[in-house]
Amino acid sequence: MQIDLGPNPLELDRQVCFALSVASRSVIAVYRPLLKPFGLTHPQYLVLLALWDKAPRSVKDLSEVLRAEPATLSPLLKRLEAQGYVSRRRNRADERALTVDLTEQGRALRAEAEKIPYHVVETLGMEVAQLEALHAVLSQVIAATDQALRGE
């Protein structure tokens with residue numbers, strides 16, 4: 001099978017990487033003012049989302065779920081702990097493993113955070129079905145890149 005990318009395969013506006021990069025920065029910018037009252041950055045919000053889904057979690061588990069290096073998560077977790085949203089402690093069974101859990105303040109924040117997705121959808125002015133379809137396509141892209149990077 002031959003792939004036809006047209007006469008200019010390097011045209012910037014046709015690049016998937018460019019569209020994903022701009023879309024990512026743009027959507028994160030929509031979240032910024034919604035997270036600011038809570039003193040959160042978007043990466044910290046993602047950590048809290050993972051913990052609201054399941055807590056406690058090991059740093060290794062958070063790293064896998066969020067697809068982030070533990071070294072990247074460490075400063076985020078320290079700041080979340082300083083803000084009173086999470087606690088970090090050594091795992092009794094394995095002193096090398098660090099467990100992250102929500103504090104009462106972190107659990108209480110969830111009720112306020114539940115409003116955020118509604119504000120995002122409203123700000124984007126898109127139908128929920130469109131965003132769900134976009135999510136499905138992006139999930140396929142993630143799976144395809146995972147497979148390609150594993151050499152399958």
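One structure accompanies this document, and this report is about it. These numbers were taken from a predicted model, which means no experiment stands behind them. (Residues numbered from 1 in each chain as written. Predicted model: local features only at pLDDT ≥ 70, side-chain atom pairs only at ≥ 80, totals over all residues. Heavy atoms only, no water.)

Details of the overall build of the protein
Part 1 of the reasoning: Counting its secondary structure elements, the protein contains seven helices and three strands.
Part 2 of the reasoning: Listing each helix as α and each strand as β along the protein from the N terminus yields α-α-β-α-α-β-β-α-α-α.
Part 3 of the reasoning: Relative to a compact globule of 152 residues, whose C-alpha radius of gyration would be 15 Å, the protein shows 19 Å and is clearly more extended.
Part 4 of the reasoning: Considered along the principal axes of its C-alpha atoms, the protein spans approximately 60 × 40 × 25 Å.
Part 5 of the reasoning: Buried residues in the protein amount to 25% of all 152 residues. (Helix = DSSP H or I, 4+ residues; strand = E, 2+ residues; numbered from the N terminus. Rg over C-alpha atoms; globule rule 2.2 N^0.38 Å. Buried < 20%, exposed > 50% of the residue type's maximum accessible area, 1.4 Å probe, protein only.)

Notes on the pairing of strand β3 (residues 98-102)
Part 1 of the reasoning: Judged by how many residues are buried, β3 sits mostly within the fold: five of five residues are covered.
Part 2 of the reasoning: Residues Leu98, Val100 and Leu102 of β3 are buried on one face, and the alternating residues Thr99 and Asp101, pointing to the opposite face, are buried as well.
Part 3 of the reasoning: Where strand β2 (residues 86-90) and β3 come together, five bridges link them in antiparallel fashion. For serine 87, the partnering residue across the bridge sits in β3 and is aspartate 101. (Pairing = 2+ DSSP bridges.)

Digging into the sheet that holds strand β1 (residues 57-58)
Part 1 of the reasoning: Taken in spatial order, the three strands of this open sheet run β1-β3-β2, and their pairing is antiparallel. This sheet does not close on itself; its edge strands, each paired only once, are β1 and β2.

A short note on a nonpolar patch on the surface
Part 1 of the reasoning: Taken together, the side chains of Val16, Leu20, Val137 and Val141 define a hydrophobic patch exposed on the protein surface, amounting to about 300 Å² of accessible area.
Part 2 of the reasoning: Mapped by element, the contributors of at least two residues to the nonpolar patch are α1 (16-35) and α7 (128-149).
Part 3 of the reasoning: Its location among the elements puts valine 16 in helix α1. (Patch = residues over 30% accessible without salt bridge, like charges linked within 9 Å, V, L, I, M, F, W, Y side chains within 5 Å. Areas by Shrake-Rupley, 256 points an atom, 1.4 Å probe, with all protein chains shown as cover. Salt bridge = Lys/Arg side-chain N within 4 Å of Asp/Glu carboxyl O.)

Some words on the packing of aromatic side chains
Part 1 of the reasoning: Inspection of every chain in the model, using the stated rule, returns one aromatic pair.
Part 2 of the reasoning: Consider the rings of tyrosine 31 and tyrosine 45, whose centres lie 5.7 Å apart with planes at 45 degrees: the pair is tilted. Remark: tyrosine 45 occurs in helix α2 (residues 42-53) and tyrosine 31 occurs in helix α1; sequence separation between them is 14 residues.
Part 3 of the reasoning: Classification of tyrosine 31 as buried rests on a relative accessible area of 15%. (Phe/Tyr/Trp six-rings, centres within 6.5 Å; stacked < 30°, edge-to-face > 60°.)

Some words on the packing of α2 against helix α5 (residues 104-113)
Part 1 of the reasoning: At a minimum axis distance of 11 Å, the contact between α2 and α5 shows a crossing angle of 105 degrees. In terms of axis orientation, α2 runs roughly perpendicular to α5. Within the contact between the two elements, α2 uses Tyr45, Leu48 and Trp52 and α5 uses Gly106, Arg107, Leu109, Arg110 and Ala113.
Part 2 of the reasoning: Residue classes in the contact of α2 with α5 are distributed as five nonpolar, one polar and two charged. (Axes fitted to C-alpha atoms, helices over the stretch in contact; angles between N-to-C directions. Parallel < 35°, antiparallel > 145°, perpendicular 65-115°, else oblique. Contact = heavy atoms within 4.5 Å. Nonpolar A, V, L, I, M, F, W, Y, C, P; charged D, E, K, R; others polar.)

Everything listed here is a matter of geometry and, on its own, says nothing about what the molecule does.
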